[in-house]
Amino acid sequence: MNRIAESELIINNRGAVYHLNLRPEELAQNIITVGDPDRVAEVSKHFDKIEGKYQHREFVTHTGWVADKRISVVSTGIGTDNIDIVLNELDALVNIDFDTRTIKPQLSHLNIIRVGTSGSLQKDIPVDSFVASTHGLGIDNLLNFYQQQNNAEENQLLGAFASQVQIGGGFASPYIAAAGTSLLKHFVGGFHHGITVTCPGFYGPQGRILRLGLVNTELIDRLTGFSYGNHRITNFEMETSGIYGLGKLLGHQCLSLSAIVANRISKEFSKDSATTMEKLIKQTLEIIGQIK
């Protein structure tokens, strides 16, 4: 087995992976990711017991218990560039032997659930509702650095997306990955389902105009109007496709849950997004506790 060099996998003085500052024993199999470091405590306050708190830069982790389920909640910061760090380091913690710096012969599989905010792209998905993403479709370029393995449905969705949305040659090649089915099946009641588009920014990439003109002024309408069979684009944000894409390649079960705080069609924004997020957190923890 090839040894992974010190420059490729950085382990700090306490034997923890560099960015997350976690040792393998400090990470649970069940993981909730949140973008905002302050939201970690908003999740862990519902734990029955917190066994450890860890931090480096914007990456904050609390590991603890809800009944008999051990859970780690990890902040990622915003964007798929941070997701590249977090997903690779989470995988390294369970699938690389830090002593020998080699890949373990028996691989482990994590359950990773993103709990975050998002903007709706459909009028019938109102603010303060919840979306469970069936797919993450990235226009951010991250997965184009990795060898991808699409199934037939994913290739068909990408073809339909390219034909209908026509984002143009100046954009990154879109990529797509599906949710982990063993997680998605538990998040049905109370959740809208659909494709989540992941953008490389908040303003221009999501069709917002302040002082700068946009190359594709019809992007929102084209995303809203996309359809392929029973599939449609429900919302967009900045992490889901990276989580789904890397999670799929690494063999983990991933799911993205979004609290809708803005509706880009009706031009509304939630009047109490904190309460909406609190409700999503509590519902997510309750469902995780019931998963066998």
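All values reported here derive from a predicted model rather than from experimental measurement.

## Side note on helix H7 (residues 273-290)
- Compared with an ideal rise of 1.5 Å per residue, which puts 18 residues at 26 Å, H7 spans 26 Å between its outermost C-alpha atoms and is within 8% of the ideal.
- For H7, every residue scored as buried is listed here: Thr 276, Met 277, Leu 280, Ile 281, Thr 284, Leu 285, Ile 287 and Ile 288. Down the axis of H7, the sector holding all buried residues measures 165°, keeping them to one side. What points out from H7, more than 90 degrees from its buried face, is the exposed set Lys 279, Glu 286 and Gln 290.

## Some points on empty space enclosed by the protein
- This structure, assessed with the given rule, holds 2 cavities of 30 Å³ or more.
- The space that makes up the largest cavity amounts to roughly 70 Å³.
- If you trace the largest cavity, you find it lined by Asn 30, Ile 31, Ile 32, Lys 69, Ile 71, Asn 111, Ile 113, Leu 183, Ile 288 and Ile 291.
- At the level of secondary structure, the elements contributing two or more residues to the lining of the largest cavity comprise strand E1 (30-34), strand E4 (69-75) and strand E7 (111-120).
- Ranked by residues supplied to the lining of the largest cavity, first place goes to E1 with 3 residues.
- Residues of the lining of the largest cavity, tallied by class, amount to 7 nonpolar, 2 polar and 1 charged.
- Counted as a void, the second largest cavity has a volume near 50 Å³.
- Taken together, Leu 143, Gln 148, Gln 149, Asn 150, Ile 176, Ala 177, Gly 245, Lys 248 and Leu 249 make up the full set of residues lining the second largest cavity.
- At 3 residues, helix H6 (residues 240-250) tops the list of elements feeding residues into the lining of the second largest cavity.

## Some remarks on the nonpolar core
- Membership of the largest hydrophobic core comes to 57 residues, with the highest contact counts inside it found for Leu 20, Ile 32 and Leu 255.
- Here the element with the most residues in this core is helix H2 (residues 80-95); it accounts for 7 residues.
- If sequence neighbours within four positions are ignored, Leu 255 has contacts with Ile 112, Ile 113, Arg 114, Ser 133, Ala 179, Leu 183, Leu 184, Phe 187 and Tyr 244.
- Ala 160, Ile 176, Val 197 and Leu 219 belong to the second largest nonpolar core, which has 19 residues in total.

## Concerning the pattern of salt bridges
- All chains considered together, the criterion is met by 13 salt bridges.
- Residues Glu 26 and Arg 23 are paired through a salt bridge, measuring 3.4 Å at the closest nitrogen-oxygen approach.
- Look at Glu 26 and you get buried, because its relative accessible area is 6%.
- Residue classification places Arg 23 among the partly exposed residues on the basis of a relative accessible area of 28%.
- Here Lys 45 makes a salt bridge to Glu 42, at a shortest N to O gap of 3.0 Å.
- The partly exposed category is assigned to Glu 42, whose relative accessible area is 35%.
- Three or more residues are tied together by salt bridges with common partners; here these are Arg 14, Arg 23, Glu 25 and Glu 26.

## Overview of the pairing of E7
- When you tally the buried positions in E7, you get 9 out of 10 residues, the bulk of the element.
- Sheet topology note: the E1/E7 ladder contains 4 bridges and is parallel. If you follow Asn 30 over to E7, its bridge partner there is Asn 111.
- Taken together, the 10 bridges between E7 and strand E13 (residues 253-263) define a ladder with parallel strand orientation. Bridge assignment links Gly 116 to a residue of E13, and that residue is Ser 258.

## A word on unusual backbone geometry
- The backbone of Asn 21 sits at a positive phi, close to 55°, despite the residue not being glycine.
- Within the secondary structure, Asn 21 sits in the segment before E1.
- The buried category is assigned to Asn 21, whose relative accessible area is 15%.
- For Asp 128, which is not a glycine, the phi torsion comes out positive at approximately 75°.
- By the secondary structure assignment, Asp 128 is in the loop between E7 and strand E8 (130-138).

Calculation notes
Residues numbered from 1 in each chain as written. Predicted model: local features only at pLDDT ≥ 70, side-chain atom pairs only at ≥ 80, totals over all residues. Heavy atoms only, no water. Helix = DSSP H or I, 4+ residues; strand = E, 2+ residues; numbered from the N terminus. Expected span 1.5 Å × (residues − 1). Buried < 20%, exposed > 50% of the residue type's maximum accessible area, 1.4 Å probe, protein only. Arc of directions from axis to C-beta. 1 Å grid on protein atoms, 1.4 Å probe; cavity = no way out; pocket = protein on both sides within 12 Å on 5 of 7 lines; lining within 4 Å. Points joined across faces, edges and corners; volume = space filled by probe spheres on them. Nonpolar A, V, L, I, M, F, W, Y, C, P; charged D, E, K, R; others polar. Core = buried A, V, L, I, M, F, W, Y, C linked by side-chain atoms within 4.5 Å. Contact = heavy atoms within 4.5 Å. Salt bridge = Lys/Arg side-chain N within 4 Å of Asp/Glu carboxyl O. Pairing = 2+ DSSP bridges.

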